[in-house]
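# Coordinates in review
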Amino acid sequence: MGELISYSSLAFSSSYVSILVSLLYTTISFLLFANVNSFDPLIQFPILKNTTGKSISLIYVNEFGAKGDGINDDTKIFRDVWKIACSSPLRPKIIIPIGYSFLVRPIDFVGPCRSKVSLLIEGSIVAPKDPEVWDGLDQHKWLYFLKVRHLTVQGGGTINGMGHKWWARSCKTNTTNPCRHAPTAMSFRRCNNLKVRDIRMLNSQQMHISISNCIHVEVSHIIVQAPTKSPNTDGIHISASTHVAIKDCSIRTGDDCISIVSNSSSILVKNIACGPGHGISIGSLGKSNSRSHVYNVCVDGAYLSNTENGVRIKTWQGGRGFVRKISFENVWMENVSNPITIDQYYCDSLLPCPNQTLGISIHSVSFVGIRGTSATKNAIKFACSDSSPCRNLYLKDVQLVSFLGFHTTSFCWKAYGSTSGLNNPPSCFPFGESIMQQHTEYLSNWSRSI
């Protein structure tokens, strides 16, 4: 009986050892194959779950060595953090924490990334004060995002372009200076599914936000501020992009609050406060005999105060292409110069522009519910091309009175369209075209779907 117990104990002990060896072998094999087939970063980020249960990683730039004192250069840290985040499968969130001011030189954030990336700006990002920092670099760029998909930039923080020295050396400030390029604060190029919201943009060297060759973009709750005399400081510039919505933004700049140019379509601009600045513009288009197409644009809901222009379309002589299906609706203006303008003789040049026969075609443009006060006598000005007249224009319930008490007027040259409702000043169209109302209803329905 004793021998049986001894044999059973020995068998149990041998089995136990075998199990341990097997577990140890499995663990070692798993670690070896894991190291071969995947990258295991040396630094493990905090991993949380979002409301959908998907994992995200939180990456604080200051925990990677960024100083955030506004003096030390944090560019390398930002570049390293972006590379780590862009290669992460865990929906990373890069955090610029509140209470810090990070000095960042020109930097490229290049995609595509492995998963959706969020950039949470709670503190501040500031540019170098000295333009000489850009010597030998691309002077168009500061914070440059390229080929990034599913990017969200938000957080309530500030991006400060420190543009004062750039403005001082601009040829538009002093004509004896050479005309040079200046950086755009945030450039997004060839991006897809982009969201930018809840950011304060200050004193950009030139444009504040540039969206180029992008698809599916939403910009909302952005505050843009630059001095009235700061040159070329567009608020939001849209180029060669489609399905873009700009909503609930306040823009005070020295140039266009919003500009829409070359080969852009399906653009919605809604609930915008603009002023000072140059207003909301389509163009300029067609410079140097270039070709441009802009269509399906709806501006619905805007307040413009003390701007040099209101809502306008501007094209150069000699350009090719078209502007079609444009609607400006529900706009209130206060002391605005040139409230409604189509200018096919635009010339932003120190030298006179030569007369040319070709011109960009402008067709199917509506102005509905435009009200307020004009700082100039010509509240409505349609200066269209002899060879490419403006056709199918439409005015409805336009009420623009003088800010200073004189009578407002309208001016037409080669402009044809129709009206309805009560309009002041009266239309200058030579005759009407009845199909414009259908276009306006189409754009209103389309804008509500975005």
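Residues numbered from 1 in each chain as written. Predicted model: local features only at pLDDT ≥ 70, side-chain atom pairs only at ≥ 80, totals over all residues. Heavy atoms only, no water.

## Some remarks on unusual backbone geometry
Filter applied, for reference: Numbering of helices and strands runs from the N terminus, with a helix taken as a DSSP run of H or I at least four residues long and a strand as a DSSP run of E at least two residues long.
A cis amide bond, omega 0°, links Gly 111 with the succeeding residue Pro 112. Tracing the backbone shows Pro 112 in the loop between β6 (107-110) and β7 (117-121). In the Ramachandran plot, Asn 271 falls in the positive-phi region, its phi being about 55° despite a non-glycine side chain. Along the chain, the position of Asn 271 falls in strand β21 (residues 264-274). For Asp 397, which is not glycine, the phi dihedral falls at a positive 55°. Looking at where Asp 397 falls in the secondary structure, it is placed in the loop between β29 (390-396) and β30 (399-402).

## Concerning the confidence of the model for the protein chain
For the record, the criterion: Every residue gets a pLDDT, meaning the predictor's confidence in that residue, from 0 to 100. Only heavy atoms enter the contact rule, under which two residues are in contact if any of them lie within 4.5 Å.
Averaged over every residue, the pLDDT of the protein chain is 88; the share at 70 or more is 83%. Counted against residues more than four places away or in other chains, residues 1-42, with its pLDDT under 50, gives zero contacts.

## Details of the sheet that holds strand β31 (residues 409-413)
Our working rule: DSSP bridges decide pairing: two strands pair if at least two such bridges lie between them. To get an axis, fit a line to the C-alpha atoms, keeping to the stretch in contact for a helix; angles then go from 0 to 180 degrees between the N-to-C directions.
Judged by pairing direction, the sheet is parallel, and its eleven strands sit side by side in the order β6-β9-β12-β15-β18-β20-β22-β24-β26-β28-β31 without closing on themselves. In the strand order of this sheet, the two ends are held by β6 and β31, each with one partner. Direction aside, the axes of adjacent strands within the sheet are offset by 15° on average.

## Focus on helix α2 (residues 75-86)
For an α-helix, 3.6 residues make a turn, and residues three or four places apart therefore share a direction. Definition in use: Expected span, for any helix, means 1.5 Å times one less than how many residues it has. We call a residue buried when its accessible area falls under 20% of the maximum for its residue type, exposed when it is over 50%, and partly exposed in between, using a 1.4 Å probe and counting protein chains only. Regarding the arc, it is the one traced by the directions from the helix axis to the C-beta atoms.
Helix length check: α2 (twelve residues) gives 16 Å between terminal C-alpha atoms against 16 Å at 1.5 Å per residue, within 8%. Considered for burial, the residues of α2 that qualify are Thr 75, Ile 77, Phe 78, Val 81, Trp 82, Ala 85 and Cys 86. Around the axis of α2, the buried residues are gathered within 160° of arc, so they sit on the same side. Counted as exposed and oriented over 90 degrees from the buried face of α2: Lys 76 and Lys 83.

## Some remarks on the pairing of strand β12 (residues 184-189)
Most of β12 sits inside the fold, with five of its six residues counted as buried. Across five bridges, the pairing between strand β9 (residues 141-146) and β12 is parallel. If you follow Lys 141 over to β12, its bridge partner there is Thr 184. Strand direction decides the pairing type here: β12 and strand β15 (residues 209-212), joined by four bridges, are parallel. Residue pairing in the sheet places Phe 188 in a bridge with Ile 211 of β15.

## Here's the deal with the pattern of salt bridges
Oppositely charged side chains are able to pair whenever their charged atoms sit close together. Let me state the cut-off plainly: Salt bridges are counted wherever a side-chain nitrogen of Lys or Arg sits within 4 Å of a carboxyl oxygen of Asp or Glu.
Summed over the entire model, instances satisfying the criterion amount to eight salt bridges. For Glu 132, the salt bridge goes to Arg 169, with nearest N and O atoms at 3.9 Å. Of this pair, Glu 132 sits in the loop between β8 (124-126) and β9 while Arg 169 sits in the loop between α3 (164-168) and β12, and the two are 37 residues apart along the sequence. On the basis of relative accessible area, Glu 132 is assigned to the partly exposed category, the value being 42%. For Arg 169, a relative accessible area of 18% translates into the label buried.

## Thoughts on the packing of aromatic side chains
Defined as follows: For Phe, Tyr and Trp, where Trp contributes only its six-membered ring, two rings pair if their centres lie within 6.5 Å, and the inter-plane angle classes them as stacked under 30 degrees, edge-to-face over 60, or tilted in between.
Here the structure, examined in full by the defined rule, presents twelve aromatic pairs. Centroid distance Trp 82 to Phe 145: 6.2 Å. Interplanar angle 80°. Geometry classified as edge-to-face. Taken together, the residues span a long stretch of sequence, with Trp 82 in helix α2 and Phe 145 in strand β9 at a distance of 63 residues. Both residues of the pair, Trp 82 and Phe 145, belong to the buried class. Seen from their ring centres, Phe 382 and Phe 429 are 5.8 Å apart, and the 5° between their planes marks the pair as stacked. Here the residue Phe 382 occupies a position in strand β28 (residues 378-383), and Phe 429 occupies one in the loop between β32 (415-420) and α4 (436-448), the gap between them amounting to 47 residues.

## Concerning the environment of Val 153
In this fold, Val 153 is placed in strand β10 (residues 149-154). Separated by 33 residues in sequence, Val 153 and Leu 120 place their C-alpha atoms 6.0 Å apart.

## Examining the nonpolar core
Let me state the cut-off plainly: By nonpolar core we mean a set of buried residues, namely Ala, Val, Leu, Ile, Met, Phe, Trp, Tyr and Cys, connected to one another through side-chain atoms within 4.5 Å.
Judged by nonpolar contacts, the single largest core of 96 residues is most densely connected at Leu 143, Phe 188, Ile 236, Ile 246, Ile 282, Phe 367 and Phe 382. Setting aside residues up to four positions removed in sequence, Ile 282 forms contacts with Ile 260, Val 294, Val 297, Arg 312, Ile 313, Lys 314, Val 323, Ile 326 and Phe 328.

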